[in-house]
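Reading the structure
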Amino acid sequence: TYDDLGDRKQAIADYTQVIKLVPNYANAYVNRGLAYADLGDRKQAIADYTEAIKIDPNYADVYNNRGGTYDDLGDYKSATEEARKACELSACGALQNLTKNKQLRD
């Protein structure tokens, strides 16, 4: 895939086509969000992660992705909330990392 080759812009175009064909495919939103995040468009990444969560509210890794993006934007409160939600759904790694990073910032 273009994503694997590092061509994020083409990957975004491909994921957009997938979303048009299969609008309820959460992974397409997640992968497009990751590509946007890699390009520095964190707000669009959050929008895509949010769409994926609407489709599959139990997709723990998406909360981690969205939380990490909030963390990148300096919104530590939202990042922690997302990490807690992910942890409730079984993916606790991000919460542990946020806690560790907060201790380093303090």
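Data block above holds the structure.
A brief structural summary. (Residues numbered from 1 in each chain as written. Predicted model: local features only at pLDDT ≥ 70, side-chain atom pairs only at ≥ 80, totals over all residues. Heavy atoms only, no water.)

Along its length, the protein chain carries seven helices and zero strands. Reading the secondary structure of the protein chain in the N-to-C direction produces α-α-α-α-α-α-α. Taking all 106 residues of the protein chain together, the buried fraction comes to 36%. With the model as given, the accessible surface of the protein chain reaches about 6,400 Å², and the carbon-plus-sulfur share is 47%. (Helix = DSSP H or I, 4+ residues; strand = E, 2+ residues; numbered from the N terminus. Buried < 20%, exposed > 50% of the residue type's maximum accessible area, 1.4 Å probe, protein only. Areas by Shrake-Rupley, 256 points an atom, 1.4 Å probe, with all protein chains shown as cover.)

The subject of this paragraph is the environment of Ala26. By the element assignment, Ala26 lies in helix 3 (residues 26–38). Each C-alpha atom, one on Ala26 and one on Tyr59, is 8.8 Å from the other, the two residues being 33 residues apart in sequence. Once residues lying within four places of it in the same chain are set aside, the contact partners of Ala26 are Ala52, Ile55, Asp56 and Tyr59. (Contact = heavy atoms within 4.5 Å.)

Before going further, it helps to examine the packing of helix 5 (residues 60–72) against helix 6 (residues 76–88). Remark: helix 5 packs on helix 6, axes separated minimally by 8 Å, with the N-to-C direction vectors making an angle of 165°. When the axis of helix 5 is compared with that of helix 6, the two are roughly antiparallel. Between helix 5 and helix 6 lies a crossing whose hand is left-handed. Within the contact between the two elements, helix 5 uses Ala60, Tyr63, Asn64, Arg66, Gly67, Tyr70 and Asp71 and helix 6 uses Tyr76, Ser78, Ala79, Glu82, Ala83, Lys85 and Ala86. Class assignment for the residues of the contact of helix 5 with helix 6 results in seven nonpolar, three polar and four charged. (Axes fitted to C-alpha atoms, helices over the stretch in contact; angles between N-to-C directions. Parallel < 35°, antiparallel > 145°, perpendicular 65-115°, else oblique. Left-handed = near helix turned anticlockwise from the far one by under 90°. Nonpolar A, V, L, I, M, F, W, Y, C, P; charged D, E, K, R; others polar.)

For Arg66, the position within the fold is in helix 5. Classification of Arg66 as buried rests on a relative accessible area of 11%. There is a polar contact of 2.8 Å between the side chain of Arg66 and the side chain of Glu82. (Polar contact = N/O pair within 3.5 Å; in protein donor to acceptor, adjacent residues only side chain to side chain.)

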